[in-house]
Each structure stands twice: as structure tokens, then as C-alpha cells.
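Here is how the chains run, residue by residue.
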Amino acid sequence: MPHKAADRIRNVALIGHRGCGKTSLHEALLFEAGATRRLGSVADGSTVSDSEPDEQARQMSIGASVAGFEHDGREINLIDTPGEPSFVADAVAALRVADAAVLAVNGVAGVEVQTERLWRRADAEGLARLVFVNMLDRERADFFAVLDSLKGAFGPHVVATEIPIGAEREVRGVIDLIDLEAFVYEGAGRGNATKVEIPEELRPRAEEYREKLMDEVAENSDELMERYLDGEEIDHAEIVGVLKQGVTAGRIFPVTCGVATRNLGTNRLLGALVEDLPSPAMRGAVAALGEGGEPVEVEPDEDGPLVAYVFKTLADPYAGRINLFRVYRGTLRADSHVINVTRQEKERVGQPGRPLGSELAAVSELGAGEIGAVAKLKQTQAGDVLCERQEAIAFAPLDLPAPVMAFAYEPKSKGDEEKAATAVRRLREEDPTLDVHRDPQTGEQIVAGLTQVHVEVIVERMRRRFGAEIELHPPRVPYQETIRRPAEAHARYKKQSGGRGQFADCRIEIEPGEDGVGLEFVNQIRGAAIPGSYIPAVEKGIAEAMLHGTVAGYPVKDVRVRLVDGKHHDVDSSEMAFKLAGSMAFREAMEGAEPVLLEPIVRLTVSCPEDVVGDVIGDLNSRRGHPLGMEPKGGGTEVRAEMPMAEVLDYAPDLRSISGGRAEFTVEFERYEPVPSHLAERVVAESGAGTGAAA
Ligand SMILES: Nc1nc2c(ncn2[C@@H]2O[C@H](COP(=O)(O)OP(=O)(O)O)[C@@H](O)[C@H]2O)c(=O)[nH]1
Ligand SMILES: [Mg+2]
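A brief report on the enclosed structure follows. (Residues numbered from 1 in each chain as written. Chains lettered and ligands numbered in written order. Predicted model: local features only at pLDDT ≥ 70, side-chain atom pairs only at ≥ 80, totals over all residues. Heavy atoms only, no water.)

With that settled, consider the site of ligand 1. Close to ligand 1 lie 17 residues, the nearest being G19, K22, T23, S24 and D137. Note that an oxygen atom of ligand 1 is positioned 2.9 Å from one of the backbone N or O atoms of G21. Contact between ligand 1 and D137: a nitrogen atom at 2.8 Å from a side-chain N or O atom of the residue. Contact with the protein chains covers 85% of the free accessible surface of ligand 1, which is 570 Å². Among the elements that take part in the shell around ligand 1, helix α2 (residues 22-32) stands out by supplying three residues, more than any other. Partitioned by chemical class, the residues of the shell around ligand 1 number five nonpolar, eight polar and four charged. (Near = heavy atom within 4 Å. Polar contact = N/O pair within 3.5 Å; in protein donor to acceptor, adjacent residues only side chain to side chain. Areas by Shrake-Rupley, 256 points an atom, 1.4 Å probe, with all protein chains shown as cover. Helix = DSSP H or I, 4+ residues; strand = E, 2+ residues; numbered from the N terminus. Nonpolar A, V, L, I, M, F, W, Y, C, P; charged D, E, K, R; others polar.)

In terms of burial, strand β26 (residues 445-449) is largely enclosed, as four of its five residues are buried. Relative to β26, strand β25 (residues 435-438) runs antiparallel, the two being bridged by four bridges. Within β26, the residue paired with V436 across the bridge is V447. What sits between the antiparallel neighbours β25 and β26 is a turn of six residues, in which G443 has the positive phi angle 75°. (Buried < 20%, exposed > 50% of the residue type's maximum accessible area, 1.4 Å probe, protein only. Pairing = 2+ DSSP bridges.)

Attention now goes to the environment of R333. Following the sequence through the fold, R333 ends up in strand β16 (residues 331-333). With a relative accessible area of 44%, R333 lands in the partly exposed category. Along the sequence, R333 and L306 sit 27 residues apart, while their C-alpha atoms lie 9.7 Å from each other. Excluding its chain neighbours within four sequence positions, the residues that come into contact with R333 are V349, S364 and E365. (Contact = heavy atoms within 4.5 Å.)

A word on the nonpolar core. Nonpolar side chains in soluble globular proteins generally cluster together in the buried interior. Counting residues in each nonpolar core, the largest one holds 109 residues, and the members touching the most others are V133, F143, L150, I175 and L273. Looking at this core element by element, the count peaks at seven residues for helix α4 (residues 88-97). Contact partners of F143, with chain neighbours within four places excluded, come to V133, L136, A160, E162, I163, P164, V255, T256 and C257. Membership of the second largest hydrophobic core comes to 42 residues, among which are V477, V538, V561 and V675. (Core = buried A, V, L, I, M, F, W, Y, C linked by side-chain atoms within 4.5 Å.)

The subject of this paragraph is the sheet that holds strand β32 (residues 559-567). With respect to topology, four strands assemble into an open sheet ordered β29-β30-β32-β31, the strand pairing being mixed. Strand pairing shows two members of the sheet lacking a second neighbour, β29 (487-495) and β31 (519-523), which therefore form its edges. In this sheet, neighbouring strand axes are inclined to one another by 25° on average, regardless of whether the strands run parallel or antiparallel. Across five bridges, the pairing between β31 and β32 is parallel. Within β32, the residue paired with N523 across the bridge is L563. Along the sheet face, helix α14 (residues 535-546) touches β30 (502-512), β31 and β32 and points at about 155° away from the line of β31. (Axes fitted to C-alpha atoms, helices over the stretch in contact; angles between N-to-C directions.)

Encoded structure:
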């Protein structure tokens, strides 16, 4: 009896395109299993999942929500996930800790963008999958058309285990293809299914689809295949046994159907979770990284030393930090000490619990395969591994898109500064796709997310949870300036307004320097024209002048400056005077050295479906981009290009509309290049500086 809990558990992530009914289905499954007393609805904001006020206001899931409940002697952890790409991080994390996924599909729209993407992610994690075709009550819903679109997208091993009775408003039940039994549903109450005779007119269709199912199942067992071909009757347990092996191995994907909001078909989906999907024990060892990143396997053995992986962190301003984790090996006990081996910190586990949406039911321990939550760990965050003893173990980082939608932000008032800093720090703990930093050049505070919606949600959460109000605006492009030819200048700073005067005189020569040197200062003073003690002041004056170039006030880079001559005065000269003279000389020299404005060029990588490559490249060209090449990748095409950063700032919404939301991109800084002169004029005008010196 090695794996006690691990035999009983089903860890299932509910995935699918936004609006296909995952949250409603999650609710119906909880209700049907008796974990809740009423069937909540997304429209009323009364579902167990989507418990956050902003989720209810937007009627959209933003975070993953775990519900642990019992059904048929099993412990099911059902994780509702966001379908909106802006919040994909939580769907990815849920797929990491689940052993199986239920892909929900809109019965009208069929396979959508995110349906495919999430399917691929589930595939990459090697998860068993079931499909639930939802919303069959809607106008133009068509189970068989959707089944075809599923097969088209995911291959021939997608196979119906049931078909609906009736369609659109008339949909009233399902026919089970394994046992050839029919059920009709009345009302949305628990236990609303009644077994009936298969309607005569549906019999041929049911038999046709049963045959398809049996062909598919038989392919997974030679022995069963033989008897099936001999025309022998195969009983329920045998079919389900072989089906489950095929599902677990990712060789067969059963399709069920219903209407989440009417609790139609959900009892059967519950049954399928138990019958068709693997337990952690059946899934077996999972891959992790050991000493030096070497691959190791973690067996779901309750009696082994603890390995728990934290997959989500909640930053509750009142309850503090809550960490959701899955135990992969051993047992996590209340009031115990563990080691966070990722951060090398000791942590004390107080009271762990099993989550049901935002509620936690206290438990004394959680064994291998179980999913739980614990509050008040001091250092632990999502991605960390908790162990009983010192052990080198990690899980591969989640494959998440990069935060490319950047805004500069400012607190609305002085009093909000501190609050804003705390808020972004806490929200960053919750969200690995949120980037918050200060741009070293422009000095702006930057908040970057995956999309505009993502950043808007962050701003709302800052206000609601932490009382911090911020304002967003497009970030400034960190332009720079440099010179293109040598020049020289002579500057004298002189003041004689009573008392002690001021005097400094210097002559400099400047020329383009090497890439990346910033300022290269060469002192060529011979003799005592300028005393050595004043030389650093001259250099400092030049460096200060370079902070704001003469073209548009941006930092000047890569200039070699030679200090060739000068004069001083025994009484009136000072460091201050030489600094000012240095600044004056530099500015004058720069004017004559053909100064230019430079802009950052980034390397852009766009992943998009084949059919929009032409549009993507056309758009890149119109944004001054230079395509560098493309290659097939992950079922689509990856286009690489170089593009000015100024053109990237508003790229996200455009790419979204070009590709119907099916493309993603990342950017990486590459180098600086001169801004074409007609555009430089505009930057100069906008900077408010401008001596008209732009090249
Ligand atoms: N008619 C009908 N509406 C549904 C069904 N399932 C969900 N909905 C509605 O579709 C909308 C989106 O559902 P939701 O569960 O939030 O989808 P999610 O984004 O996948 O979580 C909500 O207004 C639901 O009430 C269904 O089976 N039939
Ligand atoms: Mg939802």
C-alpha cells in the first residue's frame, strides 16, 4: 500500500478560451458533488471561483481558483483557470500542478485561439485530457461540428464518449456511448438526471458514434481489439480500464458535453474525472531538477521526505501572504518546520488547509499528490520548493510570455508614493508576468504587463487592495545623443562682481569615441596652464554637460574629449569656476561636432500563425522594422526583426488586431542608432529643447 492519498486524488485543471464557461462548469461540478449548497452564477457574481471583486465586475476570471472536494470516495482538486491571455500565468501554473486537464469548449464557437494554445501547453506538461463541449443550449450550438473542429485541431484521437439529446433550446440530455444509455435532465438541481430509453430517432447516430469510440479504445489493447473484432460483448469495466490507460498515456481524449449553467451533463463529467483520469499515483514520478540542474524524478510516496512545490502566491493585504502548493512527495504536517530549498530559508508551517475558492478548510496534514494552502510563510513565494531536509531540488521555471506592454507611472499624490511602492512589490509576488522597475536612463517608474487589460487590472488592484492611486502614461523613449565629427571650443568663465572674482579658462577638442565608452577624458595640459587640482573639476563639468545634450536634452554618449590648454588665476580660480568652464566648452564644441540623436533599436521576436505572417511583416515594415528571418516554431511561425523601440510602445494592440489575438512577441535591447532626420525634428520639438541642431 505505498500511495494512500495519491491513489484517491484527481488534480484537474479546467482550461479553455475566455467565456467558454469554465467558471460556470467549475461551479456546477462543485454543486453536483455536494461541495456547495447552491449553484452560483457568473452573472450574479456568486460563484466559488471568481471571488475577487474585479473578477465579478468584469465577469472574467483573473486568477486560478482551487476547489478541493470529495466525490465517490475520491478527493478532487479542481482548478478553474483564466482563459484571457492577459492572465495566462495562472493557467500555466495550474497545468504544472495538475495531473490532468478538462478542456472546456464553447459549443457555438468550437476551437478558439486560446483553446489551441492551452491544449499545447497541457500537451507539453504531458497531461491526460478530457474535453467538455459546453453551451449546447445556445443558438447555433452544434456538438458534431465542434467535434469535427476538435479533431481538426487536435487529431483523430479526440473521440466522443457521449452525444447530446436535442439541440439549442431543445437540448435535454446526453447518450452515454460506453453503456449506450440515455439520460435527460430536468431543472438545474443536484441529481437532476433521469435514465430513459434512447430516443428511437437517435439510435443510429448513437450506434455510429459508439463504433467510433470502440475502434479508438480497441486500438489501445490488442487483446480487447481481437475480441471486439470477433463481435464479443465487452463490459463496462474493461472498456473504462483500457480507456483510462489510453487517456493517462495521452493517446486518447474523450469528449463529453452539456450545459454548465443548467447543470446538464456535469454529473457525468464528474464520473469521468474519477473513471477516466489518472490519480497522482497512476501518473507516477514527475520530472524535477536535482543537483546542478540534473534531471531527477520525484515519486508520489507519502512516506518519503517532503517535496512540495508552491505554484501560486496571494498577496492579501489583511491575511498576509498565502501560498498554494502541491505535495509531490512525503507529507506536509501542521505545526512543522520545513526548509525552503529555493531560498535557503527555514519556514514554520502553521495551519495548512484545503482551499474551496477563497475559503480554507483546516487539515492536519497533506500527503503526496494533495493540493493545499498555507498562510504566513515568511519568505516563500510561487516557484519555490519546500522540503523536510536539505535537498537540491527545483522544478523547471514556467514558460511564460514576457511583459511587453509598458507604461510609466506616477503616484497621484505625494502621500501615495510609499503605498504605491508597497503595492507593486506585493502584486509582483502574485504575478510573474508583471514587471516593475525604474528605468535607469529616463528615471521613470515603469510597470509592464502582458497587455493593456493586464496593466489596468494591476492599477485597479493597487487602488482597491492597497489604497495606492497611480497614473499611467506612455514611457519615454530613452534617446541618446552623440557627435559625428571632431570639433574644438574655448570657454572662459569670468565674474568680477566685487570681492573675490571667478576665473577659469579651458580649450578642448572633441571627437567621436568608441562604442560604449560614454566619456573618454584625456588630459593633455603641459606645464601649469591649469593646475592639476582643477583638472577633475573640468572633467566633472564636461560629464555634467553630457547629461543633457544640445540636440534635445538627452544624455550624450561615446565622446573622446581632450583638454588641450587653459588659463587660471591665482586668486579667482576655483573648482566651481573650472567645472562651469568645462560645461560651457563642451556644449559649444558639441554644437560644432555634428551632433545627432540616437534611438534604441530592439530585437523583436513575433510568434504568430502562418496565415498572418504576411500582415505581420507588412506592419513591421511600416514601423521601420527590418525583418531578419523567420522559421516554423510550435505550430506557427517565428518572425525575427529589428525595430526602433519608439515603434514598439504601441505595438501590442496593433499586433493583437492583425492576428486576432493569436500572436505574441518579445523584445530585447539591441543597440543605439541615429534617428532619421525627419523624425529627429519631431523628437526635438517634443522635447521642448531644440536648438535646431538636429542632423
Ligand atoms: N447559455 C449558456 N451560457 C453559459 C453556459 N456556460 C456559461 N455560460 C455563460 O457564459 C458566460 C461566460 O461563462 P464563464 O463561466 O465566466 O466562462 P469562463 O470565462 O470560461 O470562465 C457567463 O455569462 C455564463 O453565464 C452554458 O452552458 N450555457
Ligand atoms: Mg472563468
